[in-house]
Amino acid sequence: MHDIFRRPVLALIAILVFSLPTYSQTAEPQAVIPAPTADSTPDLSGLWMRLRDKGATTRGYGSYILDFGNAVSPMTSWAATKFKTTNAMYHGADAKTVLSDPIFQCYPPGVPRIYLMNFPVQIVQIPGQVLMLFEYDHFIRRIYTDGRPHDRDQGPLWMGDTVGKWEGDTLVADTASFNDKTLLDRVGHPHSDALHVIERLRRTDRDTLEIEFILDDAKAYTKPWGTKLVFQQRSDWKVMENVCEDNAGFEDFNKKAVQGLKK
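A brief report on the enclosed structure follows. Note on numbering: residues in each chain are counted from 1, in written sequence order. Reporting of local features is limited, given that this is a predicted model, to residues whose pLDDT is at least 70; pairs of side-chain atoms are given and counted only at 80 or more, and all residues count toward the totals for whole chains, interfaces and linings. Computation of side-chain values: all heavy atoms of the structure, hydrogens and water removed.

**Remarks on the overall build of the protein chain**
The condition is simple: We count a stretch as a helix when DSSP gives it H or I for four or more residues in a row; a strand needs E for two or more, and each element gets its number in order from the N terminus. Buried means the residue's accessible area, taken with a 1.4 Å probe over protein chains only, is under 20% of the maximum for its type, while exposed means over 50%, and partly exposed covers the values in between. Only heavy atoms enter the contact rule, under which two residues are in contact if any of them lie within 4.5 Å. Only the protein chains shown count as covering a residue, and every accessible area follows the Shrake-Rupley method with a 1.4 Å probe.
Of the regular secondary structure elements, the protein chain holds four helices and 11 strands. Taking all 263 residues of the protein chain together, the buried fraction comes to 42%. Relative to all contacts within the protein chain whose residues are 6 or more apart in sequence, the contacts with residues 24 or more apart total 58%. Counting only carbon and sulfur atoms, one obtains 55% of the accessible surface of the protein chain, whose full area is about 15,000 Å².

Given below as structure tokens:
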């Protein structure tokens, strides 16, 4: 009587045991991205805030420079024509003129302008990616470091498509596939959809991050140009909530900004 119940049980166990290899062979293989190691991948993680600029009150708001000044190379005739319109909105008598800037309609600021927004950014590294978590409107920027090429099927994009690679202690980020709807800075320097941005991110010491970038846009500028921004680690800070739609008017802020630009 015991054999009557034992035989079906043994048969069921046999089916389960011998079917396991078949299941594992038919399952789709998962892509494996190797985890970074301390020897091969520098650590850029941390919460960073751009350092204040000397003499910024002459070209910016408060103590931060909001444009790239003399770093910008000469514009082509196409860009110069567009600049007349975009630059004029910062010199109108009414603060509402400034609100025609796309960022005051809650559109993404683009790259490299997001670095000029004077909000902190947290860098997080995971296997195959470096994430930049911007406090400004909670933008998340992904720099893929797993060797993939640019995704040309996405563009044109507000923030571009970014891939990266490590060169010694430096992360080299390559961004393309932009649209032409953003401005490079607060005085209205334009760019075309041919914009190509190369950034070199390097930690010079525990509390200092440098980002050097080169902008190449033959339709808008006669030659590539760039500059360097310096950030300081703020380990005692955290990324706060910032929602553009809650501040979509920006009128009080822009009245002060317009007054500062006219000085």
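**Details of the state of the cysteines**
Covalently bonding the sulfur atom of one cysteine to the sulfur atom of another cysteine gives a disulfide. Heads up, the condition is: Here, two cysteine sulfur atoms that lie within 2.5 Å of each other are counted as a disulfide.
What the rule picks out here adds up to one disulfide. Between the sulfur of Cys 106 and that of Cys 244 lies a disulfide, 2.1 Å long from S to S. Every disulfide takes its handedness from the sign of the S-S torsion; for Cys 106 and Cys 244 that torsion is -95 degrees, giving left-handed. Of this pair, Cys 106 sits in the loop between helix 3 (95-98) and strand 4 (121-126) while Cys 244 is found in the loop between strand 11 (225-233) and helix 4 (251-262), placing the two residues 138 residues apart along the sequence.

**Considerations on the pattern of salt bridges**
Any two side chains of opposite charge can pair, so long as their charged atoms come close to each other. Using the following cut-off: Each salt bridge in this description consists of a side-chain nitrogen of Lys or Arg and a carboxyl oxygen of Asp or Glu lying within 4 Å of one another.
The final tally for this structure, using the stated rule, is nine salt bridges. Two residues, Asp 146 and Arg 148, come together in a salt bridge whose shortest N-O distance is 2.7 Å. Taking relative accessible area as the criterion, Arg 148 reaches 38% and is therefore assigned partly exposed. Here Arg 206 and Asp 207 are joined by a salt bridge, their closest N and O atoms 3.1 Å apart. A residue is classified by how much of its surface remains accessible, and Asp 207, at 27% relative accessible area, is partly exposed. Among the charged side chains, a salt-bridge network with shared partners connects Asp 169, Arg 202, Glu 210 and Lys 228.

**Quick word on the pairing of strand 8 (residues 170-176)**
Operational definition: At least two DSSP bridges between two strands are needed for those strands to be called paired.
Most of strand 8 is tucked away, with six of its seven residues classed as buried. Pairing between strand 7 (residues 161-167) and strand 8: seven bridges, direction antiparallel. Among the inter-strand pairings, Glu 167 is bridged to a residue of strand 8, identified as Thr 170. Joining the antiparallel neighbours strand 7 and strand 8 is a turn of two residues, in which Gly 168 adopts a positive phi near 65 degrees.

**Topic: helix 2 (residues 77-88)**
Test applied: Every helix has an expected span of 1.5 Å times one less than the residues it contains. Directions pointing from the helix axis toward each C-beta atom define the arc.
Its 12 residues give helix 2 an end-to-end C-alpha distance of 17 Å, which sits within 8% of 16 Å, the value for a rise of 1.5 Å per residue. Residues of helix 2 that are buried include every one of Ala 79, Phe 83, Thr 86 and Asn 87, and no others. The buried residues of helix 2 all sit within an arc of 90 degrees when viewed along its axis, so they share a single face. Relative to its buried face, helix 2 has exposed residues pointing more than 90 degrees away, namely Ser 77, Thr 81, Lys 84 and Thr 85.

**Quick word on the pairing of strand 10 (residues 208-216)**
Bridge count for strand 9 (residues 196-205) against strand 10 is nine bridges, and the pairing is antiparallel. What sits directly across from Asp 205, in strand 10, is Thr 208. Of the strand pairs in this sheet, strand 10 and strand 11 are connected by eight bridges, and their pairing is antiparallel. Paired with Ile 214 across the bridge in strand 11 is Gly 226.

**Section: the packing of aromatic side chains**
Definition in use: Aromatic rings from Phe, Tyr and Trp, taking only the six-membered ring of Trp, are treated as a pair when their centres fall within 6.5 Å; an angle between ring planes under 30 degrees marks them as stacked, one over 60 as edge-to-face, and anything in between as tilted. A ring has a charge above it when a Lys NZ or an Arg CZ is no more than 6 Å from the ring centre and no more than 35 degrees off the ring normal.
Using the criterion set out here, one finds eight aromatic pairs in the structure. Aromatic pair Phe 68 and Phe 213: ring centres 5.6 Å apart, planes at 75 degrees, arrangement edge-to-face. Of this pair, Phe 68 sits in the loop between strand 3 (64-65) and helix 2 while Phe 213 sits in strand 10, placing them 145 residues apart in sequence. Assigned by exposure class, Phe 68 and Phe 213 land together as buried. When the ring of Tyr 221 is compared with that of Trp 225, the centres are 5.8 Å apart and the planes differ by 65 degrees; the resulting orientation is edge-to-face. Trp 225 shares its class with Tyr 221; the two are buried. Chaining the aromatic ring pairs together yields one cluster made of Phe 68, Phe 213, Tyr 221 and Trp 225. Over the face of the ring belonging to Tyr 144 we find Arg 148, whose NZ or CZ atom lies 3.9 Å from the ring centre.

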